[in-house]
Amino acid sequence: MNTTKEATIDVYIISSGLLDCAVVGEEACRTLCKRFESLDPWRGIPFTKRVPMTHTEALRTMQEMNVKKALETVKRESNK
(Lines give C-alpha, C1' and ligand atoms only; values in the text may rest on other atoms or scores of the structure.)
Protein backbone atom coordinates (compact mmCIF):
# COMPACT_ATOMS: atom_id res chain seq x y z
CA MET A 1 0.00 0.00 0.00
CA ASN A 2 1.50 3.28 -1.13
CA THR A 3 0.45 6.25 1.01
CA THR A 4 1.64 9.77 0.36
CA LYS A 5 1.01 12.69 2.61
CA GLU A 6 -0.98 15.36 0.82
CA ALA A 7 0.42 18.89 1.11
CA THR A 8 -1.58 21.46 3.03
CA ILE A 9 -2.75 24.81 1.72
CA ASP A 10 -3.99 27.86 3.60
CA VAL A 11 -7.74 28.19 3.34
CA TYR A 12 -9.35 31.34 4.71
CA ILE A 13 -12.92 31.21 5.97
CA ILE A 14 -14.50 34.65 5.57
CA SER A 15 -17.74 35.81 7.17
CA SER A 16 -19.03 39.27 6.32
CA GLY A 17 -22.40 39.00 8.04
CA LEU A 18 -24.13 38.64 4.68
CA LEU A 19 -21.98 35.94 3.14
CA ASP A 20 -19.77 33.12 4.36
CA CYS A 21 -17.19 31.72 1.97
CA ALA A 22 -13.82 30.02 1.76
CA VAL A 23 -10.89 31.10 -0.39
CA VAL A 24 -7.41 29.70 -0.94
CA GLY A 25 -4.47 31.97 -0.21
CA GLU A 26 -3.81 35.14 1.74
CA GLU A 27 -3.92 37.44 -1.30
CA ALA A 28 -7.37 36.17 -2.31
CA CYS A 29 -8.53 36.67 1.28
CA ARG A 30 -7.29 40.29 1.37
CA THR A 31 -8.86 41.07 -2.01
CA LEU A 32 -12.23 39.61 -1.06
CA CYS A 33 -12.25 41.34 2.35
CA LYS A 34 -11.53 44.71 0.69
CA ARG A 35 -14.37 44.08 -1.75
CA PHE A 36 -16.77 43.18 1.10
CA GLU A 37 -15.75 46.35 2.97
CA SER A 38 -16.31 48.55 -0.08
CA LEU A 39 -19.72 47.01 -0.85
CA ASP A 40 -20.93 47.01 2.75
CA PRO A 41 -18.81 49.55 4.71
CA TRP A 42 -21.13 49.86 7.73
CA ARG A 43 -20.64 46.19 8.65
CA GLY A 44 -16.93 46.69 9.28
CA ILE A 45 -14.06 44.32 8.63
CA PRO A 46 -15.17 40.76 7.81
CA PHE A 47 -14.19 37.97 10.19
CA THR A 48 -11.46 35.75 8.77
CA LYS A 49 -9.86 32.57 10.00
CA ARG A 50 -6.89 30.77 8.44
CA VAL A 51 -7.24 27.00 8.39
CA PRO A 52 -4.51 24.75 6.95
CA MET A 53 -6.16 21.96 4.90
CA THR A 54 -5.30 19.46 2.24
CA HIS A 55 -6.63 20.09 -1.25
CA THR A 56 -9.29 17.43 -0.72
CA GLU A 57 -10.47 18.97 2.56
CA ALA A 58 -10.54 22.44 1.00
CA LEU A 59 -12.70 21.28 -1.89
CA ARG A 60 -15.06 19.45 0.46
CA THR A 61 -15.37 22.52 2.71
CA MET A 62 -16.11 24.83 -0.21
CA GLN A 63 -18.69 22.41 -1.62
CA GLU A 64 -20.40 22.08 1.76
CA MET A 65 -20.59 25.86 2.12
CA ASN A 66 -22.10 26.18 -1.39
CA VAL A 67 -24.68 23.46 -0.72
CA LYS A 68 -25.64 25.10 2.57
CA LYS A 69 -26.12 28.48 0.85
CA ALA A 70 -28.18 26.88 -1.91
CA LEU A 71 -30.45 25.10 0.58
CA GLU A 72 -30.95 28.31 2.57
CA THR A 73 -31.89 30.15 -0.64
CA VAL A 74 -34.40 27.48 -1.66
CA LYS A 75 -35.94 27.52 1.81
CA ARG A 76 -36.16 31.32 1.83
CA GLU A 77 -37.72 31.42 -1.65
CA SER A 78 -40.26 28.71 -0.83
CA ASN A 79 -41.47 30.67 2.21
CA LYS A 80 -42.45 33.67 0.08
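Scroll up to find the structure.
Criteria and thresholds
- Residues numbered from 1 in each chain as written.
- Predicted model: local features only at pLDDT ≥ 70, side-chain atom pairs only at ≥ 80, totals over all residues.
- Heavy atoms only, no water.
- Pairing = 2+ DSSP bridges.
- Helix = DSSP H or I, 4+ residues; strand = E, 2+ residues; numbered from the N terminus.
- Axes fitted to C-alpha atoms, helices over the stretch in contact; angles between N-to-C directions.
- 1 Å grid on protein atoms, 1.4 Å probe; cavity = no way out; pocket = protein on both sides within 12 Å on 5 of 7 lines; lining within 4 Å.
- Points joined across faces, edges and corners; volume = space filled by probe spheres on them.
- Nonpolar A, V, L, I, M, F, W, Y, C, P; charged D, E, K, R; others polar.
- Expected span 1.5 Å × (residues − 1).
- Contact = heavy atoms within 4.5 Å.
- Core = buried A, V, L, I, M, F, W, Y, C linked by side-chain atoms within 4.5 Å.
- Buried < 20%, exposed > 50% of the residue type's maximum accessible area, 1.4 Å probe, protein only.

Visitor: Go over the sheet that holds strand E3 (residues 47-54) with me, naming the residues and quoting the values.
Guide: Strand pairing in a sheet takes place through backbone hydrogen bonds and is either antiparallel or parallel in direction. The strand order across the open sheet formed by three strands is E2-E1-E3, and the pairing between neighbours is antiparallel. In the strand order of this sheet, the two ends are held by strand E2 (20-24) and E3, each with one partner. The mean inter-strand angle of the sheet, taken between neighbouring strand axes irrespective of direction, is 25 degrees. In this structure, strand E1 (residues 8-15) lies alongside E3, joined through eight bridges in antiparallel fashion. Looking across to E3, one finds that Ile14 is bridged to Thr48.

Visitor: Got a sec to walk through the layout of surface pockets? Specific residues and values, please.
Guide: Taken as a whole, the largest pocket encloses approximately 150 Å³ of empty space. Lining the largest pocket, in full, are Leu18, Leu19, Asp20, Met65, Lys68, Lys69 and Glu72. Among the elements that take part in the lining of the largest pocket, helix H2 (residues 55-78) stands out by supplying four residues, more than any other. Across the lining of the largest pocket, the residue classes break down as three nonpolar, no polar and four charged.

Visitor: Account for helix H1 (residues 26-39), naming residues and giving values.
Guide: With 14 residues, H1 should reach 20 Å at 1.5 Å per residue; the first-to-last C-alpha distance of 20 Å fits that figure. For H1, the elements touching its buried residues are E1, E2 and E3.

Visitor: How would you summarise the nonpolar core if you had to cite specific residues and measurements?
Guide: Tyr12, Ile14, Cys21, Val23, Cys29, Cys33 and Phe36 together form the largest nonpolar core, which totals seven residues. Only E1, E2 and H1 provide two or more residues apiece to this core. Once you skip the residues sitting within four places of it in the chain, Cys21 turns out to touch Tyr12, Ile13, Ile14, Leu32, Phe36, Met65 and Lys69. Ile9, Val11, Met53 and Ala58 belong to the second largest nonpolar core, which has six residues in total.

That is the geometry; function is a separate question.
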